[in-house]
Amino acid sequence: MNAVDRVSTAISRLEAVRHLNATTAILSERAMARAEALDRARRAGRDPGPLAGVPFAAKNLFDIEGRVTRAGSAATAHRAPANEDAFAVAALERAGAVLVALTNMDELAYGFTGENGPDGDARNPRDPSRISGGSSAGSAAVVAAGAVPLALGSDTNGSIRVPSALCGVFGLKPSYGRVSRRGAHPFVASLDHVGPIAATSALLAASYDALQGTDPRDPAQEPRPAEPVGPTLGAGIQDLRVAVLGGYFAAPLDADASAALREAASILRASETVELRLAALGRAAAFVITTSEAGHLHRPTLQRTPHVFGTLVRDRLIAGAIVPASWYLDAQKLRRRLTEELDALLARYDLLIAPATPCVAPKLGEQTMTVAGQELPMRLAIGMHTHPLTPTGVPIGVAPRATATGLAVGVQVVAARWREDRVLRALAALEAAGFTTPQEQRP
Amino acid sequence: MRGKTFDAAAYVDAAAAASGIALDEAMRAGVIANLERTYAFARLLTEEAGLAETEPAPVFRPRAPSSS
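A few points on the structure. (Residues numbered from 1 in each chain as written. Chains lettered and ligands numbered in written order. Predicted model: local features only at pLDDT ≥ 70, side-chain atom pairs only at ≥ 80, totals over all residues. Heavy atoms only, no water.)

### Concerning the packing of helix 11 (residues 325–348) of chain A against helix 2 (residues 25–46) of chain B
- The interhelical angle for the contact between helix 11 of chain A and helix 2 of chain B, taken along N-to-C directions, is 50°, at an axis separation of 9 Å. Our classification of the angle between helix 11 of chain A and helix 2 of chain B gives oblique. For the element pair helix 11 of chain A and helix 2 of chain B, the recorded crossing hand is left-handed. Along its contact with helix 11 of chain A, which presents Trp327, Asp330, Ala331 and Leu334 of chain A, the element helix 2 of chain B presents Leu35, Thr38, Tyr39, Ala42, Leu45 and Thr46 of chain B. (Axes fitted to C-alpha atoms, helices over the stretch in contact; angles between N-to-C directions. Helix = DSSP H or I, 4+ residues; strand = E, 2+ residues; numbered from the N terminus. Parallel < 35°, antiparallel > 145°, perpendicular 65-115°, else oblique. Left-handed = near helix turned anticlockwise from the far one by under 90°. Contact = heavy atoms within 4.5 Å.)

Encoded structure:
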């Protein structure tokens, strides 16, 4: 199928799933022009790239030339239109992919649910009465719905991994400092990551390879050569030492999350369970760092026009803007200890696995959820298993597992920094053994 | 301030004013609730032994200017 046909099909499918409220813009004109140019290049004998004609969506916090970057908030409406595409968008298009839509998200990326006041809530394609997970909510939803095979998201505390798990698709949070964040609306500078969400592990790997590349304009990016993961994707997992993260990560889990973890452990031959002692404190550190940096970032708007934010986000941001420096610095110190502890585990094991969420997607609007007999605050607890790992900066992938009830959960696959190759090998092995986006939903 | 006597409401009133953020009554309750939650997490961190002597995570590594 040529690029024009693929893009046309994607646009039709996106129109057909508008009830999910997963997109905030469908960029038909731009996408068709790009697709026509790709087809012309192919006819002229030029290589259109490894992602030739792959339609993709991007969370609406990525800059798109000529458009105001919304980041899911009315607070950004006064900003000037972007004068160029974000690095990640441009990188995928250089590889031949075609941007077709922008996707709904938690306001300013501050949430795990996909609930959004100005744009309405993103809904889960597996059951539209349930949350999609967030904050890269619409990005996971459009892939899970089969509208596009690939989407861009960002992950600060779990915002790629939580919606990937709850919608049932593959997701990757690369190593901190790997993929340039230029042109991605910031949330928490010391925790923000950009990464892909995809229908298959192969496309996740190909898109990650396209996203690598040095960019002196992101000061957090490590000046490190590209290390493609595609060539080793099918290498299997025979030589990898795998363990299960227990302790904090072992509970609370519903029956589906628990079964998926056991099954993944069996497939990856994880014979031991290890404990990350500082996990609970890592979550605490992530929470304090997040609220402090996000509050500081938006302080000028909080001073001038606080009511432009949604209520939930506004009150979090104000509280964050006044956090004492000692709390924040304690959190950054704990973060170093947490990272050292995880690095020591990852010196003994090539991969660690953990649940991505405690349970399947809760119903939209719920304040609490009950998991294994425990009542938990829904908006915070749905990210409790991704939250503690993010401050370490290691790469983490999610493999989806469909449940008997038609919903989904996910398993996190964790490797040492810069070892995305091992993560992708494990995701491919899990996919081959049944951790898949259901076939009927693949584009 | 880090002990059991932490008064989130008093702190919010003083710190928001000092930060130039005007709170109405509707905002104030939500901000206090959020700061109390943050305090609960921050207090956990102080219970980890040896944290005072630990280097914070971010380390500034200036890069050499590019040759271009």
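And the narrative resumes.
### Regarding the interface of chain A and chain B
- Taken together, the contact between chain A and chain B spans 40 residues of the former and 38 residues of the latter.
- Surface buried jointly by chain A and chain B totals about 3,300 Å² across both partners, of which 67% is contributed by carbon and sulfur atoms.
- Run the count over chain A and chain B and you get 2 salt bridges.
- Linking Arg337 of chain A and Glu48 of chain B is a salt bridge whose minimum nitrogen-to-oxygen distance equals 3.1 Å.
- Between chain A and chain B we count 13 residue pairs in polar contact (both at pLDDT 80 or more) in total.
- Looking at the side of chain A that touches chain B, the elements with two or more residues in it are helix 8 (279–297), helix 9 (299–304), helix 10 (311–321) and helix 11 of chain A.
- In terms of residue count, the dominant contributor to the side of chain A that touches chain B is helix 11 of chain A (10 residues). (Buried area = accessible area lost by both parts, 1.4 Å probe. Salt bridge = Lys/Arg side-chain N within 4 Å of Asp/Glu carboxyl O. Polar contact = N/O pair within 3.5 Å; in protein donor to acceptor, adjacent residues only side chain to side chain.)

### Digging into the pattern of salt bridges
Residue and element names in this part refer to chain A.
- Overall, the coordinates contain 24 salt bridges over all chains when judged by the stated rule.
- In this structure, the salt-bridge partner of Arg130 is Asp127, at a minimum N-O distance of 2.9 Å.
- Between Asp350 and Arg241 there is a salt bridge, with its nearest N and O atoms 3.1 Å apart. Residue Asp350 is found in the loop between helix 11 and strand 11 (351–355), and its partner Arg241 is found in the loop between helix 6 (201–211) and strand 9 (242–245); the two are separated by 109 residues along the sequence.
- For Asp350, a relative accessible area of 6% puts it in the buried group. (Buried < 20%, exposed > 50% of the residue type's maximum accessible area, 1.4 Å probe, protein only.)

### So, unusual backbone geometry
Residues and elements named next belong to chain A.
- With an omega of 10°, the peptide bond between Gly134 and Ser135 qualifies as cis.
- For Ser135, the location among the structural elements is in the loop between strand 5 (127–131) and helix 4 (137–144).
- One non-glycine residue, Ala109, adopts positive backbone phi at about 70°.
- By the secondary structure assignment, Ala109 is in the loop between strand 3 (98–103) and strand 4 (123–124).
- At Trp418, a residue that is not glycine, the phi angle is positive and equals roughly 75°.
- As for its position among the elements, Trp418 is in the loop between strand 15 (408–414) and helix 13 (420–432).

### What to know about the pairing of strand 11 of chain A
Residue and element names in this part refer to chain A.
- Burial within strand 11 is extensive, with 5 of its 5 residues counted as buried.
- Burial of strand 11 is two-sided: the residues Leu351, Ile353 and Pro355 facing one way and the residues Leu352 and Ala354 facing the other way are all buried.
- Pairing of strand 11 with strand 15 involves 4 bridges; the strand directions are antiparallel. Pairing of Pro355 across the sheet is with Val411, part of strand 15. (Pairing = 2+ DSSP bridges.)

### Remarks on the nonpolar core
Residues and elements named next belong to chain A.
- Core analysis: the largest hydrophobic core is formed by 130 residues, its most contacted members being Phe62, Leu352 and Ile353.
- The contact partners of Phe62, leaving out residues within four places of it in the chain, are Thr69, Ala86, Ala88, Val89, Leu152, Gly153, Gly183, Ala184 and Val194.
- Within the second largest apolar cluster, 29 residues are counted, among which are Ala22, Ala31, Ala140 and Ala141. (Core = buried A, V, L, I, M, F, W, Y, C linked by side-chain atoms within 4.5 Å.)

### Notes on the sheet that holds strand 14 (residues 396–402) of chain A
Residue and element names in this part refer to chain A.
- Spatial ordering of the open sheet is given by 1-3-2-6-8-7-14-15-11-9-10, a layout of 11 strands whose pairing is mixed. Only two strands of the sheet have a single partner each, and these edge strands are strand 1 (23–26) and strand 10 (272–274). With strand direction ignored, the average angle separating the axes of adjacent strands in the sheet is 30°.
- With 3 bridges joining them, strand 9 and strand 10 adopt parallel strand pairing. Each bridged residue has a counterpart across the sheet, and for Val244 the counterpart in strand 10 is Thr273.
- Of the strands in this sheet, strand 9, strand 11, strand 14 and strand 15 touch helix 7 (residues 255–267), which is tilted by about 45° from strand 15.
- Running over the sheet, helix 11 touches strand 9, strand 10, strand 11 and strand 15 and is turned about 120° from strand 11.

### Looking at the packing of aromatic side chains
- Using the criterion set out here, one finds 7 aromatic pairs over all chains in the structure.
- Taking the centre distance of 5.8 Å and the plane angle of 50° together, the rings of Phe6 of chain B and Tyr11 of chain B count as tilted.
- With a relative accessible area of 13%, Phe6 of chain B lands in the buried category.
- Above the plane of the ring of Phe87 of chain A lies Arg94 of chain A, whose end atom (NZ or CZ) is 6.0 Å from the centre.
- Above the plane of the ring of Tyr110 of chain A lies Arg316 of chain A, whose end atom (NZ or CZ) is 5.2 Å from the centre. (Phe/Tyr/Trp six-rings, centres within 6.5 Å; stacked < 30°, edge-to-face > 60°. Lys NZ or Arg CZ within 6 Å of the ring centre and 35° of its normal.)

### Observations regarding the environment of Ala86 of chain A
All names here are of chain A.
- Relative to the helices and strands, Ala86 resides in the loop between strand 2 (55–59) and helix 3 (87–94).
- Residues Ala86 and Gly111, spaced 25 residues apart in sequence, show a C-alpha to C-alpha distance of 22 Å.
- When sequence neighbours within four positions are dropped, the list of residues in contact with Ala86 reads Phe62, Asp63, Arg182, Gly183 and Ala184.

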